Structures are given as structure tokens and as C-alpha cells.
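# Summary of the model geometry
Residues per chain are reported as follows:
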Amino acid sequence: MTALAFTRTEADRLPTAEREAILADPGFGNHFTDHMVSISWSVDAGWHDAEVLPYGPLQVDPASSVLHYGQEIFEGLKAYRRPDGSIVTFRADANARRLNTSADRLALPELPEELFVAAVNELLHVDADWVPSGEDQSLYLRPFMIADESFLGVRAAQKARFLIIASPAGAYFTGGVKPVSIWLSKDLARAGRGGTGAAKCGGNYASSLLPTRIAAANGCAQVLFTDSATEDTIDELGGMNLFIVRADGTLITPRTNGNILDGITRSSLIRLAEARGHRVEERDVTVREWREGVADGSITEAFACGTAAVITPIQALIGEEGTLLDFGAGAPGELTMSLREELTGIQFGTVADPFGWVTEVVPANAGAAA
Ligand SMILES: *Cc1c(COP(=O)(O)O)cnc(C)c1O
């Protein structure tokens, strides 16, 4: 099954000049490459029909289970163009494993890890020209799985589809990394004990959109969610994990408690920081501890992390009562920025990768559709 061969149907490629115009300023999530991957699954046949197809609309039956009960999961990873022109991925095997953790919770089928990685690599080979080479630019890959059985009964679907689409991504911060203010959401939660908080599923995002809108109305870029039981123990942001830095160089990050997503950026930063000799504490941490630490000077930096923005420095935490804490001139912090530089350096191939995180997929000087 894992030796499933991909059939390739070539798309009419976007003319070079148009593609290059997009790559000059891609933004995030606006444009898509010429191709996509699709692999089908059914209870009877298992995974089958692995295809590289022209990018385009899907035929989905109106009774398809995903449209009614939200049985959907996704992943997010990036491909980077190194200075020599070769294309690499960063820890794609970790995304493959996490997809299966999510699949298990959402009662979707597991996808063999080798098939996930092979599918990513297929798409990168056929759409290699879409991996940008500008500073801090990358190709964002969005693997996802949907339940796709035409049946309105409520049970796990017996048919599913796994797809990968790809979208060129510009530098997240243009004109330098800017710290953001975040909004503390108390009444609205994204996850609760025993829920789907640790799965990367669309439903978690759906529940975060209203609080995100409220955050935006209060001048905040992101929402910080707390454990819905205590309303004080920090979980994470809507799509990023949180780190707090103490003046003595210790990093504190909420433990993976079943409510939060086990971020690959998070786990990479833990390894990087420990390799530098920093102490990293994965444990419960409260808003109260954070506020008191900032007030007495023992907490000096904080940042959010995830694949899309890598590291986003946090300036302030704001809630219904007003500003809860503010790093002022201290943001972005020194350790925040140096970890960001090292991790992006590893990803883009300008800093050595002692961890074996980076895998070359398309060699230098390979043409398109190699
Ligand atoms: C994807 C995601 C993250 C970040 O994970 P990375 O693997 O670092 O990109 C954090 N929180 C949530 C809720 C997510 O969906």
C-alpha cells in the first residue's frame, strides 16, 4: 500500500511571467500552484488512486459528510529554496505523524507516513518553479483530509480523501519583525477537557473565529485561550503556541495537556533552546504568573510560534479589563529574535542543521516537472 504509485495529469501551467509576478509579492494564502495531490480512501479499498492533478474545484456531493459534521483535519508545512536553488522541507515526517494523531481523534483513517511524505515530494517536484527565492519567502503546503461519504447518518464516514494544495508565502513581517498585542479570551473557549483541542481540525478554527473578531475589534492580532475550567491556566493562541521567557533565560511553555496542539515549531524551539543550555519548563502556567512576572521584572519576553510566522514577539496582553501586561520597549526580546534567526536559518539552509530536520527534495538546478 505504501508503494502506491502516483499518476500525474499535467495542468496548463500559468505563464512564467504571471507566476513570477505572483512570486514577487505572494502575501499568504492568496495564490495556488498549478497542481494538487489527491488520494482516495474507502473502508473496502483502503488508500487508492494517488494522483497529481491540475489545481481546481472538487466535485463534492451535497450530502458529503464533511459538509454536515465537520469531519476534517489538516496540516501546514513549508518548502524552502536554499541559496543554491535546491528545495527542502522541514520535519515533514513530524507533520505526517501529527496528521495521524488528528485522524485518530476525528475517526478518520490513518495515512501511512511514507505516503504523506511521498505526496508532499510529488507536488514539490511538479510545482518546483512555485517555490519562491526571495528573502523569508517559502511555499506553504496544506495537506488535509475530509470525510467524503454521501450519507447523513451520524457515524464515522466510510470514505475519505486526502489532498495537498500549495500556496506561495511572502515574508510574514514586511519591514522588520513587529511585536503584536494579543487578546485574552475568557468566556469563549476553543477547547475543553476531552475535546478536540489537540487535533489539528477545522472545527477548532471555526470556534476561534468569533473570539478572533472580538480581538481584532480591540486592536489585537491574536487570541490567547485559557483552560476553560480554570480560566487562568494558559493553553495557546488560536493557531500558535506560547512561550514566556524569564530574565534568567528559562523558557516556560504550557505542557501538551490534551487541549493544545503539539506544534512542530514549539518542539523545535525547545530543542534549540536546550541545545544552547537554556532551561525549558513544559508545565501549567497561568495568566496571573505571567502578569506578576512582568510586573516584578522576572519575566522579560514572550512570543507565539507556528509554521506560518515562525516566531511572533508579543508586546502586550489585553483583556476586558484593559491592558493586563505590556513589555513596552522590551519587545521584541533578544532571545526571541535570536531563536527566530537560528530556526529560520536552519530552514533556509544558511545555518547548519545538527538536528537532521531538513530534507532535500529537489536538487539544485533541477528544472520544473523533474
Ligand atoms: C498548527 C497549529 C499550531 C502550530 O503548529 P506548528 O506545527 O508549529 O505549525 C499551534 N496551534 C494550533 C491550534 C495549530 O493549529
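Definitions and limits used
Residues numbered from 1 in each chain as written. Predicted model: local features only at pLDDT ≥ 70, side-chain atom pairs only at ≥ 80, totals over all residues. Heavy atoms only, no water. Helix = DSSP H or I, 4+ residues; strand = E, 2+ residues; numbered from the N terminus. Rg over C-alpha atoms; globule rule 2.2 N^0.38 Å. Buried < 20%, exposed > 50% of the residue type's maximum accessible area, 1.4 Å probe, protein only. Contact = heavy atoms within 4.5 Å. Areas by Shrake-Rupley, 256 points an atom, 1.4 Å probe, with all protein chains shown as cover. Lys, Arg positive; Asp, Glu negative; His and termini not counted. Charge placed at Lys NZ, Arg CZ, Asp CG, Glu CD. 1 Å grid on protein atoms, 1.4 Å probe; cavity = no way out; pocket = protein on both sides within 12 Å on 5 of 7 lines; lining within 4 Å. Points joined across faces, edges and corners; volume = space filled by probe spheres on them. Nonpolar A, V, L, I, M, F, W, Y, C, P; charged D, E, K, R; others polar. Pairing = 2+ DSSP bridges. Expected span 1.5 Å × (residues − 1). Near = heavy atom within 4 Å. Polar contact = N/O pair within 3.5 Å; in protein donor to acceptor, adjacent residues only side chain to side chain. Sits in = over half its atoms within 2 Å of the grid points. Core = buried A, V, L, I, M, F, W, Y, C linked by side-chain atoms within 4.5 Å.

Let us now look at the overall build of the chain. Secondary structure summary: the chain contains eight helices and 18 strands in total. Relative to the compact-globule value of 21 Å for 370 residues, the chain shows a C-alpha radius of gyration of 21 Å, a close match. Once the C-alpha set of the chain is aligned to its principal axes, its extents read approximately 60 × 55 × 35 Å. Relative to its 370 residues, the chain shows a buried fraction of 52%. Summarising the internal contacts of the chain: among those between residues at least 6 apart in sequence, 72% fall at separations of at least 24. Just so you have it, the chain exposes about 15800 Å², and 49% of that area is on carbon and sulfur atoms. Within the chain, the 49 negative side-chain charges are centred at a point lying 3 Å from the centre of the 30 positive side-chain charges.

On to the layout of surface pockets. Volume-wise, the largest pocket comes out at about 630 Å³. The set of elements that each furnish at least two residues to the lining of the largest pocket consists of strand S7 (138-147), helix H5 (202-217), strand S10 (222-226), helix H6 (264-275) and strand S15 (299-306). Considering every element that reaches the lining of the largest pocket, the biggest residue donor is H5, with five residues. In terms of residue class, the lining of the largest pocket is built from 15 nonpolar, 12 polar and five charged. One number sums up the size of the second largest pocket: a volume of about 310 Å³. Lining the second largest pocket we find 17 residues, and of these Glu135, Asp136, Thr344, Gly345 and Phe348 sit closest to its centre. If you tally residues by element for the lining of the second largest pocket, the top one is helix H8 (residues 334-348), at six residues. When the residues that make up the lining of the second largest pocket are grouped by side-chain class, the tally is five nonpolar, six polar and six charged.

Turning our attention to the pairing of strand S3 (residues 46-54). Looking at chain direction, strand S1 (residues 7-8) and S3 are connected through two bridges and run parallel. Across the sheet, Thr7 pairs through a bridge with Glu51, a residue of S3. Two strands pair when backbone bridges link them, and strand S2 (residues 35-42) and S3 are joined in this way by seven bridges, in the antiparallel orientation. In the strand pairing of S3, His35 is matched with Pro54. Here S2 hands over to S3 after three residues, the two strands then running antiparallel side by side.

Our next topic: helix H4 (residues 113-126). Owing to its 3.6 residues per turn, the α-helix aligns residues three or four sequence positions apart on the same side. Under the 1.5 Å per step criterion, the end-to-end length of H4 is 20 Å for 14 residues, consistent within 8% with the ideal 20 Å. Looking at H4, one finds that the buried residues are Leu115, Phe116, Ala119, Val120, Leu123, Leu124 and Val126.

Here the focus is the site of the ligand. Residues in contact with the ligand amount to 15 residues; listed here are only the nearest, Lys200, Tyr205, Glu236, Thr265 and Thr307. A distance of 2.7 Å separates an oxygen atom of the ligand from a polar atom in the side chain of Lys200. Separating an oxygen atom of the ligand from a side-chain N or O atom of Thr307 is a distance of 2.6 Å. Compared with its free state, where it exposes 380 Å², the ligand has 97% of that area covered by protein. Of all the cavities here, the one that holds the ligand is the largest pocket. In terms of residue class, the shell around the ligand is built from four nonpolar, seven polar and four charged.

Residues Ile39, Leu124, Leu141 and Phe162 are the most contacted members of the largest nonpolar core, which totals 43 residues. Examining the composition of this core, we find that seven residues originate from one element, H4, more than from any other. Contact partners of Phe162, with chain neighbours within four places excluded, come to Val37, Ser38, Ile39, Trp47, Leu99, Leu111, Phe116, Ala119, Pro143, Phe144 and Met145. Of all hydrophobic cores here, the second largest spans 25 residues; its members include Leu272, Val310, Leu335 and Leu339.

So far we have only geometry, and geometry alone does not tell us how the molecule works.
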